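So you can see what is in the structure, the chains are spelled out below.
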Amino acid sequence: MKALVQRVKSAKLTVDEKLISEINKGLVCYLGIGKGDTEKELKWLSNKIAGLRIFQDNDGKMNLSAKDLCLDILVVSQFTLYADVRRGFRPSFIEAESPEIANKMYESFCNELKNLGISKVAKGVFGADMQIIQENDGPVTIMIDTSDKAKTCQ
């Protein structure tokens with residue numbers, strides 16, 4: 001699984017000019033599900049994002065998480081995080097999970113964030129052409145790949 005997480009002041013997601021979801025201060029999480037991803041990666045990644053300390057404390061240091069501050073998270077399915085552009089100019093997405101499985105994992109991921117104490121988990125529409133307007137804060141953008149966790153002590 002891969003996630004691109006951005007700290008935002010606000011975000012709105014629409015489909016066909018209809019407002020689907022919006023958040024105030026919090027995180028926008030673009031989530032990609034790869035072939036072979038399991039519940040283990042899902043739990044690790046959701047825990048990492050809920051606890052990611054990228055919000056400033058009273059001393060101006062990034063010491064607080066969305067969970068600590070009861071902030072919102074907007075989760076957007078994003079198979080294009082698995083784009084492979086090593087050859088040619090047209091991206092290949094063969095490492096992305098099939099839509100049927102990825103949609104179930106996406107829903108489970110959102111539910112896991114709620115179970116971890118994120119008060120508002122807003123969602124996009126899986127597989128839809130979505131428009132997202134977000135006001136980045138910082139900007140702070142973090143890329144997280146579950147394949148990297150094997151390289152750490154955890």
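Owing to the predicted nature of the structure, the values given are computational and were not obtained by experimental measurement.

Caption draft 1: Representation of the state of the cysteines within the structure. A full pass over the atoms with the stated rule returns zero disulfides. Cysteine Cys29 remains unbridged, with the sulfur of Cys110 as its closest cysteine sulfur at 8.2 Å.

Caption draft 2: Main features of the packing of aromatic side chains. Under the counting rule described, the total for this entry stands at two aromatic pairs. Between Phe79 and Phe93, the ring centres sit 4.9 Å apart and the planes meet at 70°, which makes this aromatic pair edge-to-face. On the criterion of sequence distance, the pair formed by Phe79 in the loop between β6 (72-77) and α3 (99-115) and Phe93 in the loop between β6 and α3 is long-range, its members being 14 residues apart. By relative accessible area, Phe79 is classed as partly exposed at 48%. A relative accessible area of 30% places Phe93 in the partly exposed class. On the basis of an interplanar angle of 45° and a centroid distance of 6.0 Å, the ring pair of Tyr106 and Phe126 is categorised as tilted. With a gap of 20 residues between them, Tyr106 in helix α3 and Phe126 in the loop between β7 (121-123) and β8 (130-145) connect regions that are remote in the sequence.

Caption draft 3: The arrangement of the layout of surface pockets in detail. Within this model, the largest pocket holds a volume of roughly 370 Å³. The wall of the largest pocket is formed by 19 residues, among which Ser77, Gln78, Phe79, Gly127 and Met130 lie closest to the centre. For the lining of the largest pocket, the secondary-structure elements that each account for two or more residues are β3 (26-32), β6, α3 and β8. By residue number, the principal contributor to the lining of the largest pocket is β3, which donates three residues.

Thresholds, definitions, all that
- Residues numbered from 1 in each chain as written.
- Predicted model: local features only at pLDDT ≥ 70, side-chain atom pairs only at ≥ 80, totals over all residues.
- Heavy atoms only, no water.
- Disulfide = S-S within 2.5 Å.
- Phe/Tyr/Trp six-rings, centres within 6.5 Å; stacked < 30°, edge-to-face > 60°.
- Helix = DSSP H or I, 4+ residues; strand = E, 2+ residues; numbered from the N terminus.
- Buried < 20%, exposed > 50% of the residue type's maximum accessible area, 1.4 Å probe, protein only.
- 1 Å grid on protein atoms, 1.4 Å probe; cavity = no way out; pocket = protein on both sides within 12 Å on 5 of 7 lines; lining within 4 Å.
- Points joined across faces, edges and corners; volume = space filled by probe spheres on them.

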